[in-house]
Amino acid sequence: EANRRLGSLASSRAARAWRRRGNLDEAQRAVERAVSLDRLSRAHEQSLDTALRLSTSLRLLARIYEARGDYPSAIRVQREANEVLEQMRASLPGSTTLERNVMVGQSLLGSLLLYAPASEQADARLLLESAWLTAERRAASDPADLRAQLDLQATAIRYAAALIDGPQWRRGEAILEAALASARRLLDNDPGHRDARLNSAIAEVWLAQFAAAHGDRGGEKDHRLRASEIYASLLQQTPSDPDVLKPYFSNAAALVSLLPPGQRGAFCRQAVETHADRAASALADPEVGNAFERLREACSR
């Protein structure tokens, strides 16, 4: 069992490293090794530790399928990850670790279901709301718990995204504003905190999309400018991180058309040349590459 555990952890680390470099083929092979080892561990020992390892490996595999644009496979794998944890709930009703991982799984599956047929949309919103409510309760019970605050920000952003086109869009906007305020409070104490910076940028992008959906072009530009500044500062530290490059390029592509003509040239040179040159192999990641092409197209108009 110890060898399987070490092998799984090593494969998962390798998968994350390949993912950061934009090599999805190697990342998928590595995480599939981890999943195979974790399935064996789970067959031999029905413990929380083996359930968490298997669900975490499946969650990473789902992310890789998502990065490939294969949403049906991502949904199938994320459902399995959630079922592994659900099977533990009856025997461990008071486990905060299990509760947190169930919450994260619900939020991730809900976000993926937004890409599924319309018949799945109601289930997506229910899962996202359930995860957000759990995150709110956990964060309120211990305001000093940094992980709980970050979880609240992430689940709030995912839930709000599901409300943008519906009758509850103002509620979604308010949830985003609260998530952004939470991230800024963390950054007041730790200005370099990567996850809080990333959450604040994502919240700004979604607030821009809410503004655009409801006719506020000036608000959209302001939110996208703030997001662009945050992403650019993160890329100073990790220039080839696909989790930053993809949203940076996507946001920049949308921002180009909002800028005055005199500012577009300088912005495009910075966005296309500087960050693309430093991105290296990450542009091989399909999601990053597609976002970069959209930016180049926007800048060529």
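Just so we're clear, the structure is a prediction, and the values are computed from it rather than from any experiment.

Quick notes on the confidence of the model for the protein
In low-pLDDT segments, the atomic positions of the prediction should not be examined closely.
Right, on to step 1. When the pLDDT values of the protein are averaged, the result is 93; 100% of them are 70 or greater.
Right, on to step 2. Here helix α12 (residues 261–279) stands out as the least confident element of the protein, with mean pLDDT 86; helix α9 (residues 194–213) is the most confident, with 97.

Things to note about helix α3 (residues 48–68)
Right, on to step 1. Here α3 spans 30 Å end to end across 21 residues, near enough to the 30 Å set by a 1.5 Å rise per residue.
Right, on to step 2. With 15 of 21 residues buried, α3 is to be regarded as a mostly interior element.
Right, on to step 3. Where α3 ends, the next residue or the one after it, G69, has phi of about 85°, a positive value.

Digging into the layout of surface pockets
Right, on to step 1. Its volume calculated, the largest pocket comes out at about 2100 Å³.
Right, on to step 2. Lining the largest pocket we find 49 residues, and of these R63, L108, R158, I202 and D243 sit closest to its centre.
Right, on to step 3. Looking at the lining of the largest pocket residue by residue, the classes come out as 23 nonpolar, 8 polar and 18 charged.
Right, on to step 4. What the second largest pocket holds in volume is close to 210 Å³.
Right, on to step 5. S8, L9, S12, R16, D38, D49, L52, R53, T56, S57, R59 and N101 are the residues that line the second largest pocket.
Right, on to step 6. Those elements giving two or more residues to the lining of the second largest pocket turn out to be α1 (2–20) and α3.

Thresholds, definitions, all that
- Residues numbered from 1 in each chain as written.
- Predicted model: local features only at pLDDT ≥ 70, side-chain atom pairs only at ≥ 80, totals over all residues.
- Heavy atoms only, no water.
- pLDDT = per-residue confidence, 0-100.
- Helix = DSSP H or I, 4+ residues; strand = E, 2+ residues; numbered from the N terminus.
- Expected span 1.5 Å × (residues − 1).
- Buried < 20%, exposed > 50% of the residue type's maximum accessible area, 1.4 Å probe, protein only.
- 1 Å grid on protein atoms, 1.4 Å probe; cavity = no way out; pocket = protein on both sides within 12 Å on 5 of 7 lines; lining within 4 Å.
- Points joined across faces, edges and corners; volume = space filled by probe spheres on them.
- Nonpolar A, V, L, I, M, F, W, Y, C, P; charged D, E, K, R; others polar.

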